[in-house]
Amino acid sequence: MIECKNIEDPEALVDYLRQSDRIDLDEKPTIANLAGGVSNRTVLVSLASGEEWVLKQALSKLRVTVDWFSEPSRIKREAAAMQYLTRWTPAGAITRLIFLDESNYILGMEAVPQPHENWKNMLLRGEVCREHIVDFAVLLASIHRNAFENRKDSFPAFEDRSFFESLRLEPYYGYTATQVSEASNFLHELIEDTLTRQDTVVHGDYSPKNVLVHDNRLVLLDHEVIHFGEPAFDIGFSLTHLLGKALHLRENRSVFAKSASLYWHTYLENLGNVPWLENFETRCIRHTLGCLLARSAGRSLLEYLDEGERGQQISATLDCIADQPHSVDDLITNFCRKLK
Ligand SMILES: Nc1ncnc2c1ncn2[C@@H]1O[C@H](COP(=O)(O)OP(=O)(O)O)[C@@H](O)[C@H]1O
Ligand SMILES: [Mg+2]
């Protein structure tokens with residue numbers, strides 16, 4: 001086996017790529033470390049031919065201030081996800097897998113061509129484009145619907161939920177329950193209910209930060225917590241990003257609130273008639289409340305919120321937990337109304 005302990009060490013990486021026959025011995029690629037990720041090393045490799053790859057190496061200790069560990073073998077799950085998701089989503093929405101090296105926990109994929117921009121950065125500048133919101137909803141609905149229709153394949157491929165449990169349920173809901181005692185029962189029930197559901201494939205990290213915009217189209221990245229489970233989690237997780245920005249960007253608040261509603265309705269329209277819709281809206285509301293709290297009081301905070309904004313998010317969410325809205329639209333309105 002050719003070893004490569006750290007792909008962020010350019011010399012070691014070039015050596016590894018040559019020794020493992022991924023590039024020619026006389027190839028001199030340009031290497032650039034990509035910032036932004038917390039659970040992986042991510043490196044851009046540019047070859048003389050003009051071809052560009054992104055390599056990802058899973059870390060066992062995540063790059064956050066508190067100790068947080070996860071098995072690096074999850075890179076294998078991410079590689080499988082790229083292959084399955086390609087079949088279920090609009091063309092170009094998923095990057096192509098080039099190789100998987102299970103021993104070094106590395107995968108190689110096609111780089112999204114330049115120019116591209118991280119969608120989160122665009123949103124934080126207040127650039128909210130209706131077409132992107134619609135695409136984001138259609139993409140999630142196509143994953144949830146097509147993975148359900150293909151559950152004979154998707155269930156065995158993504159049945160294991162251990163990464164979702166260690167990277168989402170515990171740090172988001174479990175840890176937050178220890179920090180916000182008023183919400184402890186709510187969060188523990190949410191964990192239990194989540195574990196009872198096996199409806200379809202759940203991305204688990206459906207965030208604008210994991211979306212690049214290229215040619216005005218969305219490309220989805222970062223599939224390491226994908227699993228077969230509760231699709232309402234993806235809605236709660238993603239709506240939280242839109243609502244957190246509604247809070248943070250006061251001048252754009254109504255645009256983000258309208259976009260959150262458009263996102264939800266577009267998703268539902270594109271989901272079609274799946275058999276797991278009973279109580280679905282309530283489940284989505286509960287996951288949105290759980291994620292709103294987790295991202296303001298948990299182990300993985302929305303980094304653009306200052307302490308005052310986090311306090312507002314916690315109190316608006318606790319109010320909504322105490323008096324739970326009956327629809328996602330009511331949740332959006334009630335949450336935003338409680339903000340300064
Ligand atoms: N295929 C790709 N093409 C271009 N940039 C990429 C690609 N994959 C990842 N990146 C960049 O690297 C960052 C981190 O990648 P990501 O898969 O989200 O890793 P992490 O799990 O550490 O968050 C992304 O936000 C993006 O900017
Ligand atoms: Mg990421």
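Procedures and definitions
Here the residue index of a chain counts from 1 through its sequence in written order. Going through the entries in the order they are written, you letter the chains from A and number the ligands from 1. The predicted nature of this model means local features are confined to residues of pLDDT at least 70 and side-chain atom pairs, given and counted, to a pLDDT of 80 or more, with totals for whole chains, interfaces and linings taken over all residues. Heavy atoms throughout the structure, all of them, feed into the side-chain values; hydrogens and water do not. Orientation is described by axes fitted as lines to C-alpha atoms, over the contacting stretch for helices, and by angles from 0 to 180 degrees between their N-to-C directions. A helix here means a DSSP run of H or I that spans at least four residues, while a strand means a run of E at least two residues long, and both kinds are numbered starting from the N terminus. In this scheme, roughly parallel covers angles under 35 degrees and roughly antiparallel covers those over 145, while 65 to 115 is roughly perpendicular and the rest are oblique. Handedness of a helix crossing follows the sense of rotation of the near helix relative to the far helix, less than a right angle counterclockwise being left-handed and clockwise being right-handed. Contact definition: two residues touch when any of their heavy atoms are within 4.5 Å. Should DSSP find at least two bridges between two strands, the strands are regarded as paired. Keep in mind that water is not among the atoms, so a site may look incomplete; donors are the N, O and S atoms within 2.8 Å of the metal, or 3.2 Å for Na, K and Ca. Partly exposed residues are those whose accessible area sits between 20% and 50% of the maximum for their type, while under 20% is buried and over 50% is exposed, using a 1.4 Å probe and protein chains only. Any residue with a heavy atom lying within 4 Å of a molecule or strand is counted as near it. Under this definition, polar contacts are N or O atom pairs within 3.5 Å; protein pairs additionally need one hydrogen-donor-capable and one acceptor-capable atom, and for neighbouring residues in sequence, both atoms have to be side-chain atoms. Each accessible area is a Shrake-Rupley result for a 1.4 Å probe, and residues are judged covered by the shown protein chains and nothing else. Note on residue classes: Ala, Val, Leu, Ile, Met, Phe, Trp, Tyr, Cys and Pro are nonpolar, Asp, Glu, Lys and Arg are charged, and everything else, Gly too, is polar. In this entry, domain limits derive from an automatic or database-based domain assignment. The set of buried Ala, Val, Leu, Ile, Met, Phe, Trp, Tyr and Cys residues whose side-chain atoms join them within 4.5 Å is what this entry labels a nonpolar core.

Draft legend 1. Quick peek at the packing of helix H6 (residues 162–179) against helix H10 (residues 280–297). Where H6 contacts H10, the axes come no closer than 9 Å and their chain directions differ by 65 degrees. Put simply, H6 runs roughly perpendicular to H10. Seen from above, H6 lies across H10 with left-handed handedness. Within the contact between the two elements, H6 uses Tyr172, Tyr173, Tyr175, Thr176 and Gln179 and H10 uses His287, Gly290, Cys291, Leu293, Ala294, Arg295 and Ala297.

Draft legend 2. The arrangement of the pairing of strand E1 (residues 30–33) in detail. Of the strand pairs in this sheet, E1 and strand E2 (residues 40–46) are connected by four bridges, and their pairing is antiparallel. Each bridged residue has a counterpart across the sheet, and for Asn33 the counterpart in E2 is Val43. Connecting the antiparallel pair E1 and E2 is a turn made up of six residues, with Gly36 showing a positive phi of about 120 degrees.

Draft legend 3. Representation of the coordination of the magnesium ion (ligand 2). Bound to the magnesium ion (ligand 2) on the protein side are Asn210 (OD1) and Asp222 (OD), at distances that span 2.1 to 2.2 Å. Remark: Asp222 occurs in the loop between strand E9 (217–220) and strand E10 (227–229) and Asn210 occurs in the loop between strand E7 (200–202) and strand E8 (211–214); sequence separation between them is 12 residues. On the accessibility criterion, Asn210 (9% relative accessible area) is buried. For Asp222, a relative accessible area of 15% puts it in the buried group.

Draft legend 4. Geometry of the sheet that holds strand E6 (residues 116–118). A sheet is described by the order of its strands in space; here three strands give the open sequence E6-E8-E9, paired in antiparallel fashion. The open sheet is flanked by E6 and E9, the only strands paired with a single partner. Neighbouring strand axes in the sheet, compared pairwise and without regard to direction, differ in orientation by 30 degrees on average. Sheet analysis places E8 next to E9, joined by four bridges and oriented antiparallel. Counterpart to Val211 in the pairing with E9 is Leu220. Those strands touched by helix H4 (residues 130–149) are E8 and E9, and its axis lies near 40 degrees from that of E9.

Draft legend 5. Spotlight on the site of ligand 1. What surrounds ligand 1 is a group of 22 residues, the closest being Asn40, Lys56, Val112, Asn210 and Asp222. In this structure, an oxygen atom belonging to ligand 1 sits 3.3 Å away from a main-chain N or O atom of Val38. In the model, a nitrogen atom of ligand 1 is placed 2.8 Å from a nitrogen or oxygen of the Val112 main chain. Protein contacts shield 93% of the accessible area of ligand 1, which totals 550 Å² for the unbound molecule. Taken together, the residues that form the shell around ligand 1 break down as nine nonpolar, eight polar and five charged. In this structure, the shell around ligand 1 is formed jointly by two domains, domain 1 (10–110) and domain 2 (117–337), each of which donates at least three residues.

Draft legend 6. Main features of the nonpolar core. Ranked by internal contacts, the top residues of the largest apolar core, which has 92 residues, are Tyr173, Tyr263 and Tyr267. Per-domain counts for this core show at least three residues from each of domain 1 (10–110) and domain 2 (117–337). What Tyr173 contacts, discounting residues up to four positions off in sequence, is Arg168, Leu187, Leu190, Ile191, Phe233, His287, Gly290 and Cys291. By size, the runner-up hydrophobic cluster in this structure holds 13 residues, among which are Leu13, Tyr16, Val45 and Phe99.

Draft legend 7. Broad picture of the side chain of Asn210. A polar side-chain atom of Asn210 sits 3.0 Å from the main-chain carbonyl oxygen of Asp205. Once residues lying within four places of it in the same chain are set aside, the contact partners of Asn210 are Asp205, Val219, Leu220, Leu221 and Asp222.

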